[in-house]
Amino acid sequence: MTKSVPLSFVQSCIGHRGAAKFFHSRLYKNGLEKDVYLCNNLINAYLETGDSVSARKVFDEMPLRNCVSWACVVSGYSRNGEHKEALVFLRDMVKEGVFSNQYAFVSALRACQELDSVGILFGRQIHGLLFKLSYAVDAVVSNVLISMYWKCGGSLGYALRAFDDVQVKNSVSWNSIISVYSQTGDQRFAFKMFSSMQCDGSRPTEYTFGSLVTTACSLTEPDVRLLEQIMCTIQKSGFLTDLFVGSGLVSAFAKSGSLIHARKIFNQMETRNAVTLNGLMVGLVRQKWGEEATKLFMDMNSMIDVSPESYVILLSSFPEFSLAEEVGLKKGREVHGHVITTGLVDFMVGIGNSLVNMYAKCGSIADARRVFCFVTEKDSVSWNSMITGLDQNGCFIEAVERYQSMRRHEILPGSFTLISSLSSCASLKWAKLGQQIHGESLKLGIDLNVSVSNALMTLYAETGYLNECRKIFSSMPEHDQVSWNSIIGALASSERSLPEAVACFLNALRAGQKLNRITFSSVLSAVSSLSFGELGKQIHGLAFKYNIADEATTENALIACYGKCGEMDGCEKIFSRMSERRDDVTWNSMISGYIHNELLAKALDLVWFMLQTGQRLDSFMYATVLSAFASVATLERGMEVHACSVRACLESDVVVGSALVDMYSKCGRLDYALRFFNTMPVRNSYSWNSMISGYARHGQGEEALKLFANMKLDGQTPPDHVTFVGVLSACSHAGLLEEGFKHFESMSDSYGLAPRIEHFSCMADLLGRAGELDKLEDFIDKMPMKPNVLIWRTVLGACCRANGRKAELGKKAAEMLFQLEPENAVNYVLLGNMYAAGGRWEDLVKARKKMKDADVKKEAGYSWVTMKDGVHMFVAGDKSHPDADVIYKKLKELNRKMRDAGYVPQTGFALYDLEQENKEEILSYHSEKLAVAFVLAAQRSSTLPIRIMKNLRVCGDCHSAFKYISKIEGRQIILRDSNRFHHFQDGECSCSDFW
């Protein structure tokens, strides 16, 4: 057996373990185990089959070894992934004094690349040794050094130094350093190196252009013009049709959104593969051209071998169909059947994940669940796809449960999983669980991820933890557009933080942040709540600058802002320009603006115009209109809108139903409100609160408390702050002092609700109406917050009803009101009323002088009634009504009948130091008495209830007179004043004289 024969034979054994062992045995039999060349080839044969143990055994048994022997083992260990063994073996080689050739060191450096921090330490030692051996200047060695330094910790400086050490640079050297700059995303230096490469005379290869294309795509939004320049250079170099370069360009242009270029290159390429196809499909899907991506796949399916990744992208295209829930879902099911038939669904977990994602985005969450259950080896993407799908389909509780199940399976969540789980917690208002997930993000070190931080801000904003929201925003190392939108939106949703929202918007501008329609919508909401009309105009100007002033979302926000700032002219101008862009929000904002500015006639005209032109009113629009009718107690118009909602099949809608309950209760038809409330299929907090407040407004405190008890028993809707305002108001109007304090304390003790200023105001009113002025003073002194205008006015009103008792407390309340609200005439009038009630006429004169000096005018008291021919309004002593003679004649008749029945005018309410006869005359002509006289004169034979509305609180004398009139005329009188309803019937009032 000669050397030449076994040498060729052993080389043919490479990759075949059995053949290598056979030759190994024959080698020993023929006494050739000392032949270095044959042994080196045998070592190489064993290593190619992955048998490192046998290779090392052959090496150890060799009596003589040369540098190739050592290089073979080092290279083999490195190729087989035994990186530490490769480095240990190299160290032993150096200890033996064998310095081999550069190939052993190249293999060792490649092993260092895979060992991160340990590898770079060893790599630097090898680099130092290579300098001594003069191998460092070798192009092959330097190329590997560049790669090693970059991959072992991104040491750009060392990589650049290794590049500079190369004496004769070839295209591989240039490609290596350009690749490093490409991976860092440093476009400037990557192209600078490319320019130097051309100046050096080295010819660019397909790998050069591949790195340059990658560099151009490293930005979030790739620069199309830069890609076009690269394409021209590639075309000149003749690489445009190259499979590797062409595929990279197709993917780059597709990613940048320039699908025209991507398609052109794709069509010019002589050879295409799955990578080329995938790149173009990804671009089409990103542009939401799902149908085009599917057609491309079908056209190319028979021309190239598509990869499993192609099916992943294909499945992602179906949710982008224009009819995703119908056509997209159908196509998705067809592909699902195909991947099951071909076995691809079991070949790659990504296909199962894509199926889950596809079904969830097409709205078929049940199919997504089934696919998820059949995925045998679930990875983090599988769980994330399922959790995200559940969150997007409104299955928030299940999404959170899946997250908890994922953690029980000991799978670490990624940023996307946390984002979806936090989103579900925000939708459920589950702050505690959200805080636990926040803790997990801290442990995993991804809490500072921009998207995770944004999700955390949304969670805390939705659950009312505004301070936590601020902390997260301030701790973020960088902010994106969503971050600014989240913090501005959170601040704009809190009354106390409205100025801060505007300041934050200005900070975003100073930071050079790109703003979008969401930013403008949020800040305009804050501006409208603050009634900063001028600032609203400036922001309107900015919207023009950012070219989003003509977007429907921005225009709707501007209409809402101008409406709340009293600038209805601005609203009308924007509204008239919108024409085809008007949506439900637009109409709703316009109607709300008219109502807010007390232009009820225009609001109604717009509603009737909508109905006449076939414009469909949504539930929120009906609720807005009904709220407007409730505010002015226009029952007939409210009933007309009710009829419209029935025709629109919205009567059972919870928003419309709640608005109807509110409207009927505010228009005096508590019976209708209760009837409708009892028939509602679904009730929300607004429904319960409207009915409880309705009972309170009508003085039926006991019924309000019974309904509150039913609300608690129902358990579907927990009481909120608004609920307790209604409950405490009911106790106040009914004089239920002990009940009121019990419910006030239960807010924090039982429901964790911190009482707000409005709840303290209700309690002050309760004590004041009960005549407990000493307790009222003590209660105010112990309040955890400063009393506001409403509370001090409540105190002053209570002192008025006390006939001069505790006048000092009333005077103190008046002084506080003059500081807080010096321009409000009501404060001066109340002080005057207190002095008049106590007969302190000199003090009354002083109070009126003070009012005159402050140059404020008292709001005139007026009452109105709605008749078939329209609304009739009356002012005290007014004789301008066309039927004035008939009204005053009827009034004299009523006065005579009332006196005969025992009525005595309560002249104390005249509030003037006049003769008794003059006081009685003044009381006789109060606006509410003129209104009731008008109705009685106009409807002589009617037995229907008389409904009267008054803008101020009814005086005691009129209250007494109405009791007599109801009995004399045999008519029920329903009077709504600024505080509540009074139902007069058979000489009694529903308030039981506690009002």
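A quick note: this is a predicted structure, and the numbers were derived from the prediction, not measured.

Rules used throughout
- Residues numbered from 1 in each chain as written.
- Predicted model: local features only at pLDDT ≥ 70, side-chain atom pairs only at ≥ 80, totals over all residues.
- Heavy atoms only, no water.
- Helix = DSSP H or I, 4+ residues; strand = E, 2+ residues; numbered from the N terminus.
- Buried < 20%, exposed > 50% of the residue type's maximum accessible area, 1.4 Å probe, protein only.
- Contact = heavy atoms within 4.5 Å.
- Areas by Shrake-Rupley, 256 points an atom, 1.4 Å probe, with all protein chains shown as cover.
- Lys, Arg positive; Asp, Glu negative; His and termini not counted.
- Charge placed at Lys NZ, Arg CZ, Asp CG, Glu CD.
- Pairing = 2+ DSSP bridges.
- Core = buried A, V, L, I, M, F, W, Y, C linked by side-chain atoms within 4.5 Å.
- Expected span 1.5 Å × (residues − 1).
- Phe/Tyr/Trp six-rings, centres within 6.5 Å; stacked < 30°, edge-to-face > 60°.
- Lys NZ or Arg CZ within 6 Å of the ring centre and 35° of its normal.
- 1 Å grid on protein atoms, 1.4 Å probe; cavity = no way out; pocket = protein on both sides within 12 Å on 5 of 7 lines; lining within 4 Å.
- Points joined across faces, edges and corners; volume = space filled by probe spheres on them.
- Nonpolar A, V, L, I, M, F, W, Y, C, P; charged D, E, K, R; others polar.
- Polar contact = N/O pair within 3.5 Å; in protein donor to acceptor, adjacent residues only side chain to side chain.
- pLDDT = per-residue confidence, 0-100.
- Axes fitted to C-alpha atoms, helices over the stretch in contact; angles between N-to-C directions.
- Parallel < 35°, antiparallel > 145°, perpendicular 65-115°, else oblique.
- Left-handed = near helix turned anticlockwise from the far one by under 90°.
- Salt bridge = Lys/Arg side-chain N within 4 Å of Asp/Glu carboxyl O.

Our focus in this paragraph is the overall build of the protein. Across its full length, the protein holds 55 helices and six strands. Considered along the principal axes of its C-alpha atoms, the protein spans approximately 145 × 55 × 55 Å. Here the protein holds 995 residues, and the buried ones make up 50% of them. Once local pairs closer than 6 in sequence are excluded, the contacts in the protein between residues at least 24 apart make up 62%. Counting every atom, the protein has about 47,400 Å² of accessible surface; 51% of that belongs to carbon and sulfur. Within the protein, one finds 107 positive and 109 negative side-chain charges whose respective centroids are separated by 1 Å.

Before going further, it helps to examine the pairing of strand β2 (residues 870–875). Note: strand β1 (residues 862–867) against β2, six bridges, orientation antiparallel. Bridge pairing in β2 links Ser863 to Phe874. The hairpin formed by β1 and β2 contains two residues between the paired strands.

Moving on to the nonpolar core. Ranked by size, the top nonpolar core spans 222 residues in total, and within it Ile43, Ile126, Ile234, Leu249, Ile487 and Met663 carry the most contacts. With sequence-adjacent residues up to four places away left out, Ile126 is seen in contact with Leu87, Leu90, Phe105, Ala108, Leu109 and Cys112. With 41 residues, the next largest nonpolar core counts Val795, Cys799, Ala814 and Val829 among its residues.

Attention now moves to helix α54 (residues 927–938). With twelve residues, α54 extends 17 Å from end C-alpha to end C-alpha; this agrees with the ideal 16 Å at 1.5 Å per step. Among the twelve residues in α54, eleven count as buried, and that is most of the element. Residues of α54 that are buried: Ser927, Glu928, Lys929, Leu930, Ala931, Val932, Ala933, Phe934, Val935, Leu936 and Ala937.

Time to look at the packing of aromatic side chains. Taken as a whole and assessed by the stated rule, the structure comprises 23 aromatic pairs. Here the aromatic rings of Phe318 and Phe321 are separated by 5.7 Å at their centres, their planes lie at 70°, and the arrangement is edge-to-face. Relative accessible area serves as the criterion here: at 1%, Phe318 is assigned to the buried category. Arranged with centres 5.9 Å apart and planes meeting at 40°, the rings of Phe760 and Phe779 form a pair that is tilted. Here the residue Phe760 occupies a position in helix α46 (residues 757–769), and Phe779 occupies one in helix α47 (residues 773–781), the gap between them amounting to 19 residues. Residue Phe760 is classed as buried on the basis of its relative accessible area, which comes to 7%. The class of Phe779 is buried, set by a relative accessible area of 13%. It is Arg272 that lies over the ring of Phe266; its NZ or CZ is 4.7 Å from the centre. Geometry around Tyr888 places Lys879 over its ring, the cationic atom sitting 5.1 Å from the centre.

What follows covers empty space enclosed by the protein. Going through the model one piece at a time under the given rule, you end up with two cavities of 30 Å³ or more. Volume-wise, the largest cavity comes out at about 40 Å³. A per-class count over the lining of the largest cavity returns five nonpolar, one polar and two charged.

Its boundaries defined by the atoms lining it, the second largest pocket holds a volume of some 900 Å³. For the lining of the second largest pocket, a count of residues per class yields seven nonpolar, six polar and eight charged.

Turning our attention to the sheet that holds β2. Taken in spatial order, the six strands make up an open sheet running β2-β1-β3-β4-β5-β6, and their pairing is mixed. Since the sheet does not close on itself, it has two edges, and those belong to β2 and β6 (988–989), each with one partner. Of the pairings in the sheet, the one linking β1 to strand β3 (residues 946–950) comprises two bridges and is antiparallel in character. Bridge assignment links Trp864 to a residue of β3, and that residue is Met949.

Take the environment of Ala730 next. Here Ala730 shows up in helix α44 (residues 721–734). Distance from Ala730 to His698, taken between C-alpha atoms, is 8.8 Å for residues 32 residues apart in sequence. Leaving out residues up to four positions away in the same chain, Ala730 has contacts with Ala696, Gly701 and Ala704.

Attention now moves to the side chain of Asn951. Secondary-structure assignment places Asn951 in the loop between β3 and α55 (956–969). With relative accessibility at 15%, the residue Asn951 sits in the buried group. For Asn951, the side chain forms a polar contact with the main-chain nitrogen of Tyr862, separated by 2.8 Å. Those residues within four positions of Asn951 in sequence are excluded, and the remaining contacts are Glu859, Ala860, Gly861, Tyr862, Trp864 and Ser978.

On to the pairing of strand β5 (residues 981–985), then. Buried residues dominate β5, accounting for four of its five residues. Taken together, the four bridges between strand β4 (residues 973–976) and β5 define a ladder with antiparallel strand orientation. Paired with Ile973 across the strands is Phe984, a residue of β5. Of the strand pairs in this sheet, β5 and β6 are connected by two bridges, and their pairing is antiparallel. Across the sheet, residue Gln985 finds its bridge partner in β6, namely Glu988.

Our focus in this paragraph is the confidence of the model for the protein. Counting all residues, the mean pLDDT for the protein is 83, and 92% of those residues have values of 70 or more. Low pLDDT, under 50, characterises residues 1–16; the stretch is placed with 28 contacts to residues that sit more than four places away or in other chains. With pLDDT under 50 throughout, residues 909–921 is counted as low confidence; its partners more than four residues away or in other chains account for 24 contacts.

Contact pair helix α20 (residues 324–342) / helix α22 (residues 349–361): the axes reach a minimum separation of 11 Å and the direction vectors enclose 160°. Judged on the interaxial angle alone, α22 and α20 are roughly antiparallel. Read as a crossing pair, α20 and α22 show a hand that is left-handed. Contacts between α20 and α22 involve Leu329, Gly332, Arg333, His336 and Val339 from the former and Ile351, Leu355, Met358 and Tyr359 from the latter. Of the residues belonging to the contact of α20 with α22, the class tally is six nonpolar, two polar and one charged.

This part takes up α55. Between its first and last C-alpha atoms α55 spans 20 Å; for 14 residues at 1.5 Å apiece the expected length is 20 Å, and the two agree. Counting buried positions over the 14 residues of α55 gives ten, a clear majority of the element. Following α55 by one or two positions, Gly970 adopts a phi angle in the positive range, close to 65°.

This part covers unusual backbone geometry. Even without being glycine, Lys288 reaches a positive phi, approximately 65°. Topologically, Lys288 is positioned in the loop between α17 (274–286) and α18 (290–300). For Lys288, a relative accessible area of 55% puts it in the exposed group.

Below, the discussion takes up the pattern of salt bridges. Summed over all chains, the structure comprises 28 salt bridges. Across the salt bridge formed by Arg370 and Asp367, the nearest N and O atoms sit 2.4 Å from each other. Of this pair, Arg370 and Asp367 both sit in helix α23 (residues 365–374), three residues apart, roughly one helical turn. Residue Asp367 is classed as buried on the basis of its relative accessible area of 10%. When the shortest N-O distance is used, the salt bridge between Arg669 and Asp671 registers 2.7 Å. Judged by its relative accessible area of 18%, Arg669 is buried. In this structure Asp671 comes out as partly exposed when scored by relative accessible area, which is 38%. Linked through salt bridges whose partners overlap, the residues forming this network are Lys890, Glu893, Lys897 and Glu969.

This next bit is on the environment of Asn273. Secondary-structure assignment places Asn273 in the loop between α16 (259–268) and α17. For Asn273, a relative accessible area of 25% corresponds to the partly exposed category. Excluding its chain neighbours within four sequence positions, the residues that come into contact with Asn273 are Leu243, Ser247 and Ile304.

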